[in-house]
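Below, each chain spelled out in residue letters.
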Amino acid sequence: EARFNIPHITDVFPDAVPYPSTFCLKMRTPVSQDFAEGYPSDEKWHGYISKNDRVLLKVIRYSSPTSAGAECIDPDCTWVEQWVHRAGPREKIYFKPEEVKAAIVTCGGLCPGLNDVIRQIVITLEIYGVKKIVGIPFGYRGFSDESLAEMPLSRKVVQNIHLSGGSLLGVSRGGPSVSEIVDSMEERGINMLFVLGGNGTHAGANAIHEECHKRRLKVAVVGVPKTIDNDILLMDKTFGFDTAVEEAQRAINSAYIEAHSAYHGIGIVKLMGRSSGYIAMQASLASGQIDICLIPEVPFNLHGPHGVLSHLKYLLETKGSAVVCVAEGAGQDFLEKINATDASGNIILGDIGVHVQQETKKYFKGVGFPADVKYIDPTYMIRACRANASDGILCTVLGQNAVHGAFAGYSGITVGICNTHYVYFPIPEVIALPKIREKDCQLQKDSGSLCKFREKDCHYSSSPPIFEVYSIHSASSALTCEQ
Ligand code: ATP
Ligand code: MG
């Protein structure tokens, strides 16, 4: 049995009769020169994904059969396997393509790969035979703002949009209530909605799915998780993350050159990561040029004998220069609470990058030790990039599977890659909390589970593969990378 039941159109329409999915036959595109274009080929499917096809999410070992509870399959067993639904085309589809009006909306902030996903959704819908495809401009706002007309989409329109970053449709935060959105969808006759966004957007998508369910509307709402921070639970990786890590190298390299070329130079680079430091840590690992990496999961001190600043002084004395990478959500305790939220209700974080820069300058002035501090915040340059090759592939497969999921009749789901397989998750399971490196491990330890499939993450802070990551001193836990 799958760990999660995912909502299906037959929950509301038990008598719904599936249509034979003849269009999917064309979807079996071999890996050929035509693959990138998504042109249908004459090749036939070798088979569809059965609705019973499952992907192993993880194996949990509980400390005793009692703590495993109802999930335990035999009285002596302390092992529980969790499975999820495999993504892909189904033999039976629950929408007649000629009756579909599909809409795509992108919300939240920018992330490399949005255009790739939009493009692939449109192309796959066309392959299924859908004629009515529209883009909702500027996020959920586009559902209520009458000055914003929906944008007709076709292969012709989207053919080259992946060559640039951003979103063809535009993005926004805030916007109308869920019932206004569903009213608007009813008015427009939208019965497939593809939602590209982060946690907030997915909370919205799930609420839209529930409202449609309540109104007994035959609508499929399918999400594609967009978070450059890579902080969506249960997924190996989200699109845009790889590109962000790669692009961050340029900022880190510039900071390194600046620091290295100055007398007692210190380079500080701020990278994205509100709750989790994946971008900062991976970019630091990849660059080989970072001395100190500060992430939200690990508390640290700036001041004091075991703080970051005295360690920076030690680095200047011993190496002559130093480079610091700080994730935007790190060290928030040092900053005055702004007590402000953005249009979507997210707490506005204090600027830790500027804070570290100012404190560093003050500290070295105070101790009478010359230091030349340079600060780089490449956030908006990175977010606006076009997706790299690896994200381009991820976006392509996610976009295709989003459409397969909708045609299969699933709603309130999102697509993701899990243990290297593409799967469908029910939205609430992946937005319960942000995926955090430390917490991920801690949660698993608390539940007595084995970190079988998250081994890399779990062991990371104690024995990373490439270089040593350790606390500066036992009292302080800023991560320092010696390479
Ligand atoms: P990012 O990772 O860029 O922050 P996000 O999807 O989390 O992406 P938000 O600005 O938080 O971005 O939310 C995007 C949209 O989702 C906004 O239009 C917001 O109004 C809506 N939204 C956020 N939270 C909810 C919620 N709990 N219920 C319904 N809608 C929501
Ligand atoms: Mg968010």
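Criteria and cut-off values
- Residues numbered from 1 in each chain as written.
- Chains lettered and ligands numbered in written order.
- Predicted model: local features only at pLDDT ≥ 70, side-chain atom pairs only at ≥ 80, totals over all residues.
- Heavy atoms only, no water.
- Buried < 20%, exposed > 50% of the residue type's maximum accessible area, 1.4 Å probe, protein only.
- Helix = DSSP H or I, 4+ residues; strand = E, 2+ residues; numbered from the N terminus.
- Pairing = 2+ DSSP bridges.
- Right-handed = clockwise from strand over helix to strand, strands pointing away.
- Axes fitted to C-alpha atoms, helices over the stretch in contact; angles between N-to-C directions.
- Parallel < 35°, antiparallel > 145°, perpendicular 65-115°, else oblique.
- Left-handed = near helix turned anticlockwise from the far one by under 90°.
- Contact = heavy atoms within 4.5 Å.
- Nonpolar A, V, L, I, M, F, W, Y, C, P; charged D, E, K, R; others polar.
- Near = heavy atom within 4 Å.
- Polar contact = N/O pair within 3.5 Å; in protein donor to acceptor, adjacent residues only side chain to side chain.

Another point: the pairing of strand 12 (residues 322-327). Extensive coverage of strand 12 is indicated by the burial of 6 of its 6 residues. In strand 12, alternate side chains face the same way, and those of Ala 322, Val 324 and Val 326 on one face and Val 323, Cys 325 and Ala 327 on the other are all buried. Alignment of strand 10 (residues 265-271) against strand 12, held across 6 bridges, turns out to be parallel. By the bridge assignment, Ile 266 is partnered in strand 12 with Ala 322. In terms of handedness, the path from strand 11 (residues 292-294) via helix 9 (residues 308-319) over to strand 12 forms a crossover that is right-handed.

Take the packing of helix 5 (residues 178-188) against helix 6 (residues 199-214) next. Two elements in contact, helix 5 and helix 6, have axes separated by 9 Å at closest approach and are oriented at 60°. Comparing their axes, helix 6 and helix 5 come out oblique. Note on packing geometry: the crossing formed by helix 5 with helix 6 is right-handed. Taken together, the residues of helix 6 that come into contact with helix 5 (itself represented by Val 178, Ser 179, Ile 181, Val 182 and Met 185) are Ala 207, Ile 208, Glu 211 and Cys 212. Among the residues forming the contact of helix 5 with helix 6, the class breakdown is 7 nonpolar, 1 polar and 1 charged.

The full set close to ligand 1 counts 16 residues, and Gly 109, Arg 173, Gly 174, Thr 201 and Ser 344 are the nearest of them. Here an oxygen atom of ligand 1 and a backbone polar atom of Gly 200 are 2.9 Å apart. A distance of 2.5 Å separates an oxygen atom of ligand 1 from a polar atom in the side chain of Ser 344. Of the residues forming the shell around ligand 1, the biggest block, 5 residues, is contributed by helix 6. Residues that form the shell around ligand 1 fall into these classes: 3 nonpolar, 11 polar and 2 charged.

Right, let's get into the side chain of His 202. With respect to the helices, strands and loops of the structure, His 202 is situated in helix 6. On the basis of relative accessible area, His 202 is assigned to the buried category, the value being 0%. With residues near it in sequence (within four places) discarded, His 202 still touches Val 195, Gly 197, Gly 223, Val 224, Pro 225, Thr 414, Ile 427 and Ile 431.

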